[in-house]
Number of protein chains: 2
Amino acid sequence: MSDNLASKITDSELEVMKLLWHASDALPVTDIREQLQRSKGWEPATIKTLISRLVSKGVARQEKRNVYYYSPVISEKEYSSWATKDLITRIYNGKASDLIASLVSSNGLSKDDIAELREMFKVEE
Amino acid sequence: MSDNLASKITDSELEVMKLLWHASDALPVTDIREQLQRSKGWEPATIKTLISRLVSKGVARQEKRNVYYYSPVISEKEYSSWATKDLITRIYNGKASDLIASLVSSNGLSKDDIAELREMFKVEE
DNA sequence: TTGCTTAAGCTACAAATGTAAACTGCTTTT
DNA sequence: AAAAGCAGTTTACATTTGTAGCTTAAGCAA
């Protein structure tokens, strides 16, 4: 999802990507289907469509074993940092600190978050 | 854009909202059209559609003067913090500090940002 | 007052998205 | 081998989004 990737991952597709990201290895449709059917109540057909679209978009890849196995092409980190930068560009005029200021002022940060952040921005360089 | 608001503001619509947010008072279509025609190259018809959709979505309001004047129903702050929380929910599993960690590790923060943040998380409580 | 301009409202239409059925050809089972 | 099941592919269809035209009525310039 460098900036060259045109199409975003949609909400439904993201659910599939999350599975792929959290799997230790490529997954066969069976596994993907099973989990999403349970967690989302989607029909097998729906799940197959989402998988295909991810492959067309180039964010997941299929690998022929006996049956196809699927794995992510972009990592969760790559995607989430892309999505974050996209948000900053679109609504914070490119100022990352404005995003954080907004979080602070809207009470979007838990005590734990704040503790972690204080740690994060303390001695490090 | 409390959580009760179903439909998001789309990218094109956001451009209109930005104008409304940055205006000191309600704006007549004339003004909106003029600016967006210049900055975005959109046809008047397009701009009118976007305005109507914002009104239907309940995020902008029209007020009859002589001609209608438009103003935001939700503030830019409300929207941006909603969008940020939405991002955190969707891709950071609800952990705001993960978002910030991601920004840090992906070099999404400028020197200035970091300085501001260090300030922000220093003595305040 | 008589047009010209153009808000407002309605309609349009392609692409993207959410959701899913139909078809086709392997695999596996009996 | 014949039948059953399901992966992969194709097609479908409603809704949302991006983009814009047409129509009607009203305000303004001449």
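What counts and what doesn't
Residues numbered from 1 in each chain as written. Chains lettered and ligands numbered in written order. Predicted model: local features only at pLDDT ≥ 70, side-chain atom pairs only at ≥ 80, totals over all residues. Heavy atoms only, no water. Near = heavy atom within 4 Å. Polar contact = N/O pair within 3.5 Å; in protein donor to acceptor, adjacent residues only side chain to side chain. Helix = DSSP H or I, 4+ residues; strand = E, 2+ residues; numbered from the N terminus. Pairing = 2+ DSSP bridges. Phe/Tyr/Trp six-rings, centres within 6.5 Å; stacked < 30°, edge-to-face > 60°. Buried < 20%, exposed > 50% of the residue type's maximum accessible area, 1.4 Å probe, protein only. Nonpolar A, V, L, I, M, F, W, Y, C, P; charged D, E, K, R; others polar. Salt bridge = Lys/Arg side-chain N within 4 Å of Asp/Glu carboxyl O.

Whenever I open this one, the protein's contact with DNA strand C confuses me. Can you help?
Around DNA strand C, a shell composed of 18 residues is seen, among which Thr10(A), Thr49(A), Val29(B), Arg33(B) and Tyr68(B) lie nearest. Looking at DNA strand C alone, sugar and phosphate atoms form 58% of those within 4 Å of the protein. Separating a phosphate oxygen of DNA strand C from a side-chain N or O atom of Thr46(A) is a distance of 3.0 Å. A distance of 3.3 Å separates a phosphate oxygen of DNA strand C from a polar side-chain atom of Lys57(A). Contributions of two or more residues to the surface near DNA strand C are made by helix H1 (11-22) and helix H3 (44-57) of chain A together with helix H2 (29-40), helix H3 (44-57) and strand S3 (68-72) of chain B.

Can you walk me through the sheet that holds strand S2 (residues 60-64) of chain B in this structure?
Adjacent strands of a sheet pair through backbone hydrogen bonds, lying either parallel or antiparallel. Residue and element names in this part refer to chain B. What the three strands build is an open sheet, ordered S1-S3-S2; its pairing is antiparallel. Two strands in the sheet have a free side with no partner beyond their single neighbour: strand S1 (27-28) and S2. Of the strand pairs in this sheet, S2 and S3 are connected by five bridges, and their pairing is antiparallel. Counted as the bridge partner of Gln62 is Tyr70 from S3.

Just to check I follow, could you spell out the environment of Ser97(A) for this structure?
Here Ser97(A) lies in helix H5 (residues 96-105). Polar side-chain contacts of Ser97(A) include one of 3.5 Å to the side chain of Glu116(B).

What is the right way to read unusual backbone geometry from this model?
For residues besides glycine, phi is generally negative; the peptide bonds are generally trans as well. The backbone of Asn93(A) sits at a positive phi, close to 50°, despite the residue not being glycine. With respect to the element layout, Asn93(A) can be found in the loop between helix H4 (76-91) and H5.

Help me understand the packing of aromatic side chains in this model?
All names here are of chain A. Applying the stated criterion across every chain yields a total of four aromatic pairs over all chains. Seen in terms of ring centroids, Tyr79 and Trp82 are 5.9 Å apart; in terms of plane orientation they differ by 25°. Their pairing is stacked. Note that Tyr79 and Trp82 are positioned in helix H4 at a spacing of three residues, about one turn of the helix. Of the two residues, Tyr79 and Trp82, neither departs from the other in class, the shared state being buried.

How do you make sense of the protein's contact with DNA strand D when you look at a structure like this?
Val29(A), Tyr68(A), Thr10(B), Thr49(B) and Arg53(B) are the nearest of the 20 residues found near DNA strand D. Here the atoms of DNA strand D within 4 Å of the protein split so that 58% fall in sugar or phosphate, with bases taking the remainder. Between DNA strand D and the protein, one listed contact pairs a phosphate oxygen with a side-chain N or O atom of Thr46(B) at 3.1 Å. Elements that contribute at least two residues to the surface near DNA strand D include exactly helix H2 (29-40), H3 and strand S3 (68-72) of chain A together with helix H1 (11-22) and H3 of chain B. Looking at the surface near DNA strand D, the element that brings in the most residues is H3(B), giving six residues. Taken together, the residues that form the surface near DNA strand D break down as seven nonpolar, six polar and seven charged.

Got a minute to help me understand the pattern of salt bridges in this structure?
Any two side chains of opposite charge can pair, so long as their charged atoms come close to each other. What the rule picks out here adds up to 20 salt bridges over all chains. A salt bridge links Arg90(A) to Asp86(A), with the shortest nitrogen-to-oxygen separation between them at 3.1 Å. Taken together, the positions of Arg90(A) and Asp86(A), both in helix H4 and four residues apart, correspond to about one turn of that helix. Residue Asp86(A) is classed as buried on the basis of its relative accessible area of 19%. Glu34(B) is the salt-bridge partner of Arg38(B), the closest N and O atoms lying 3.8 Å from each other. One end of the pair, Arg38(B), and the other, Glu34(B), are both in helix H2, four residues apart, so they sit about a helical turn from each other. Through salt bridges with shared partners, one network takes in Lys8(A), Asp86(A), Arg90(A) and Asp11(B).

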